[in-house]
Amino acid sequence: MPRQRRHTLFFQEVIREFAPVFLDTEVDMSAVRAHRAAALAADGVRYATTAYVLHAVGGVLAKHPEANAAVSGPPWRPRVARYPFVSGKLTLDRTLDGHRVVLGTVVPDLHEARLADIQRHLERVRESDPERAPEFEGIRALHRGALLAARRRFRQAARSLALRPHLTGTVAVTSLGHRAVDSFQSVGGTTLTFGVGRVTDRPVARDGEVTVAPVLRLSCCFDHRVIDGAEAADVLTEVKEALESV
């Protein structure tokens, strides 16, 4: 296996401890599409779909402290941390040392960030060189070191409830909507992970009539060790409502 895929290998090993359950819904993105078009015309800013999702998730999770949490330790002695802030991890498709890999960026203070703040963060990271950007030095160090030592460092960091929100966020968003993917489910290393598919025109019912609207299929994976399905369903529904009322 290429060294550049080590961090993915280590991550997949760590998340085996999760107890994932999957939910999904459909979001009418008409309001987002209109807002995006207005922003592009007025300011020349093309907001990413993931920026809207991160913004909605940050506002919703601030009202659900039980879900904005993480667990660590064995089943007979678990430790739960509930965070007073929301940090959102977004996965990115990047090329590192000639290999196509998944990298993650964490948007801090998502609970109070403006949509424009989130978009600027995403643009800065996407325009950076992953082979030189300070944000990815930790990942590059894992690739350079000895395999077993790198694995040990990764596991120690992943199990730290103090470090986890800065490394993987308190919530994760991952997207494959740039391709012909309607929906998918993913475990992102956080209590809640939102999977973003493509936005495409679909028939929808409004006021008893069928019309066409842009629809996003949004999934939510939750760690059943931390919260139950009712709480996760509340969060997913509120994120849907926030996106439909931008």
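Quick summary incoming for the structure in this document. (Residues numbered from 1 in each chain as written. Predicted model: local features only at pLDDT ≥ 70, side-chain atom pairs only at ≥ 80, totals over all residues. Heavy atoms only, no water.)

## With respect to the nonpolar core
Of all hydrophobic cores here, the largest spans 48 residues; its most connected members are Leu 192, Phe 194, Leu 218, Val 239 and Leu 243. Per-element accounting of this core gives the leading share, 8 residues, to helix H3 (residues 49-61). Aside from chain neighbours lying at most four places away, what touches Val 239 is Ala 56, Val 57, Val 60, Phe 194 and Leu 218. Judged by nonpolar contacts, the second largest core, of 11 residues, contains Phe 11, Phe 18, Leu 142 and Ala 158. (Core = buried A, V, L, I, M, F, W, Y, C linked by side-chain atoms within 4.5 Å. Buried < 20%, exposed > 50% of the residue type's maximum accessible area, 1.4 Å probe, protein only. Helix = DSSP H or I, 4+ residues; strand = E, 2+ residues; numbered from the N terminus. Contact = heavy atoms within 4.5 Å.)

## Considerations on the state of the cysteines
According to the stated counting rule, one finds 0 disulfides in the structure shown. We note that Cys 220 lacks a disulfide partner, and the nearest cysteine sulfur, in Cys 221, lies 7.1 Å from it. Classification of Cys 220 by relative accessible area gives buried; the value is 1%. Under the relative-accessibility criterion, Cys 221 is labelled buried at 3%. (Disulfide = S-S within 2.5 Å.)

## A short note on the pattern of salt bridges
If the charged atoms of two oppositely charged side chains come close together, the side chains can form a pair. Here the structure, examined in full by the defined rule, presents 21 salt bridges. The closest approach of N and O atoms between Asp 93 and Arg 100, which form a salt bridge, is 2.8 Å. As a salt-bridge pair, Asp 182 and Arg 198 come within 2.8 Å of each other at their nearest N and O atoms. Of this pair, Asp 182 sits in the loop between strand S6 (171-175) and strand S7 (192-206) while Arg 198 sits in strand S7, and the two are 16 residues apart along the sequence. A relative accessible area of 24% means that Asp 182 is categorised as partly exposed. (Salt bridge = Lys/Arg side-chain N within 4 Å of Asp/Glu carboxyl O.)

## Notes on the pairing of S7
The sheet contact formed by S6 and S7 spans 4 bridges and is parallel. Within the sheet, the bridge partner assigned to Thr 174 lies in S7 and is Gly 195. Here 13 bridges tie S7 to strand S8 (residues 209-223), and the two strands are oriented antiparallel to one another. If you follow Val 196 over to S8, its bridge partner there is Leu 218. A loop of 2 residues connects S7 with S8, the two strands running antiparallel in sequence, and Asp 207 in this loop sits at a positive phi of about 55°. (Pairing = 2+ DSSP bridges.)

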